[in-house]
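Here is what each chain is made of, one letter per residue.
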Amino acid sequence: MPPSEKNIDGLLREATRHLQAATDSPRLDAELLLAYVLRRDRVYLYTYPESLPPADQRDCFHALLQRRRQGEPLAYLTGFKEFWSLSLSITPQVLIPRPETELLVELALACFTQQQSINVADLGTGSGAIALALAHERPHWRITATDISTPALEVARSNAQMLENVQFLAGHWFVPLNTKRLHLIISNPPYIDSHDPHLQQPELRHEPQQALVSPAHGLKDIMHIIDNTPQHLLAGGFLILEHGFDQGSTVRKRLRDKGFSAISTHHDLAGHERATLARWDAE
Ligand code: GLN
């Protein structure tokens, strides 16, 4: 290998070529992996393009590139993902937080005034992304995050770090909740149909299927949450759900049939219907 191919610049060029077929962002992925291996940030790569990483770090970089080429998501390789400006630890036991899920956080913050002190449940919290973003923004909210997966809850707990206003409880959807007096229920449940060809994408195949797939055309868990929310919300409380781009009308109809009001669906940055919000006015 000529010396120029062993320096940071050369390693990145070569890696970008190798990742071309595996990702839409080969250069960025290469930079993030090399920065991770070198325990530096990306700025370092541009500041010292001619620096020569030692052979063991190059080997480690090449091993990670190989895994990335085979479809392993970047977040599982580096063990973290940014969500709502929080750096979250991520393992293959949890769904990788998606940027579109930040929409749910925005909607939740807009439902209440800054001063209101409320009780919230984040159902199926996974890495804790939604609960922790809310806990970070509103330290006076009391937040309960549930998940049926105890390994996922361990990840979520580790992400909570200094945040003291979140408690984590193991169990199926509402089962572990110890209060029925909630002002907000929020969830990004599994909603993909088991036959959806999207599931064959290499990256999704690495994610926990129970966090992605739901029976009944992807709607079983969403319907379960809608049907059981009224027993847990205070009058005037809100439900916010993430759902598939083609599930909005079904979700709105179920909410109407159940007696929710002020139902609205919101689009993600790709322009897809992605989250629906509804208020529960009845006692
Ligand atoms: N939005 C994710 C995807 O399409 C799915 C997340 C979920 O099922 N809750 O990959």
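Calculation criteria
- Residues numbered from 1 in each chain as written.
- Predicted model: local features only at pLDDT ≥ 70, side-chain atom pairs only at ≥ 80, totals over all residues.
- Heavy atoms only, no water.
- Axes fitted to C-alpha atoms, helices over the stretch in contact; angles between N-to-C directions.
- Helix = DSSP H or I, 4+ residues; strand = E, 2+ residues; numbered from the N terminus.
- Parallel < 35°, antiparallel > 145°, perpendicular 65-115°, else oblique.
- Left-handed = near helix turned anticlockwise from the far one by under 90°.
- Contact = heavy atoms within 4.5 Å.
- Near = heavy atom within 4 Å.
- Polar contact = N/O pair within 3.5 Å; in protein donor to acceptor, adjacent residues only side chain to side chain.
- Areas by Shrake-Rupley, 256 points an atom, 1.4 Å probe, with all protein chains shown as cover.
- Nonpolar A, V, L, I, M, F, W, Y, C, P; charged D, E, K, R; others polar.
- Salt bridge = Lys/Arg side-chain N within 4 Å of Asp/Glu carboxyl O.
- Buried < 20%, exposed > 50% of the residue type's maximum accessible area, 1.4 Å probe, protein only.
- Core = buried A, V, L, I, M, F, W, Y, C linked by side-chain atoms within 4.5 Å.
- Phe/Tyr/Trp six-rings, centres within 6.5 Å; stacked < 30°, edge-to-face > 60°.

### Observations regarding the packing of helix α1 (residues 8–19) against helix α4 (residues 55–69)
Orientation of α1 relative to α4, taken along the N-to-C sense of each, is 20 degrees, at an axis distance of 10 Å. For the element pair α1 / α4, the angle class is roughly parallel. Handedness of the crossing formed by α1 with α4: right-handed. Across from L11, E14, A15, H18 and L19 in α1, the residues of α4 making contact are R58, F61, H62, L65, R68 and R69.

### Thoughts on the site of the ligand
Of all residues adjacent to the ligand, which total 13 residues, the nearest are R98, N188, P189, Y191 and H198. A distance of 2.7 Å separates a nitrogen atom of the ligand from a polar side-chain atom of N188. Contact between the ligand and H198: an oxygen atom at 3.4 Å from a side-chain N or O atom of the residue. With the chains in place, 93% of the 300 Å² that the ligand exposes on its own is no longer accessible. Of the residues in the shell around the ligand, the class split is 8 nonpolar, 2 polar and 3 charged.

### What to know about the pattern of salt bridges
All chains considered together, the criterion is met by 12 salt bridges. The salt bridge involving R42 is made with E31; its shortest N-O contact spans 2.9 Å. In this pair, R42 is assigned in helix α3 (residues 42–47) and E31 in helix α2 (residues 26–38), connecting sequence segments 11 residues apart. Given a relative accessible area of 2%, E31 falls into the buried group. Residues D257 and K253 are paired through a salt bridge, measuring 2.8 Å at the closest nitrogen-oxygen approach. Of this pair, D257 and K253 both sit in helix α12 (residues 248–258), 4 residues apart, which is roughly one turn of the helix. Among the charged side chains, a salt-bridge network with shared partners connects R27, E31 and R42.

### Quick notes on the nonpolar core
With 42 residues, the main nonpolar core has L134, W141, L184, I186 and I240 as its most contacted residues. Ignoring sequence-local partners within four residues, the contact set of L184 consists of A108, F112, I118, N119, V120, A121, L134, W141, L233, F238 and I240. L199, L212, L233 and W280 belong to the second largest nonpolar core, which has 26 residues in total.

### Structural notes on the side chain of Q247
Looking at the secondary structure, you find Q247 in the loop between β7 (233–242) and α12. At 3.0 Å, the side chain of Q247 and the backbone oxygen of Y191 are in polar contact. Not counting residues within four places of it along the chain, the set of residues in contact with Q247 comprises Y191, H217, G218, L219 and I222.

### Some words on the packing of aromatic side chains
What characterises a pair of aromatic rings is the spacing of the ring centres plus the angle enclosed by the ring planes. For the coordinates displayed, the defined rule picks out 4 aromatic pairs. Ring geometry for F112 and W141: centres 5.6 Å apart, planes at 80 degrees, overall edge-to-face. Residue F112 is found in the loop between α6 (102–111) and β3 (119–123), and its partner W141 is found in the loop between α7 (129–137) and β4 (142–147); the two are separated by 29 residues along the sequence. Among the residues examined, F112 registers a relative accessible area of 9% and is labelled buried.

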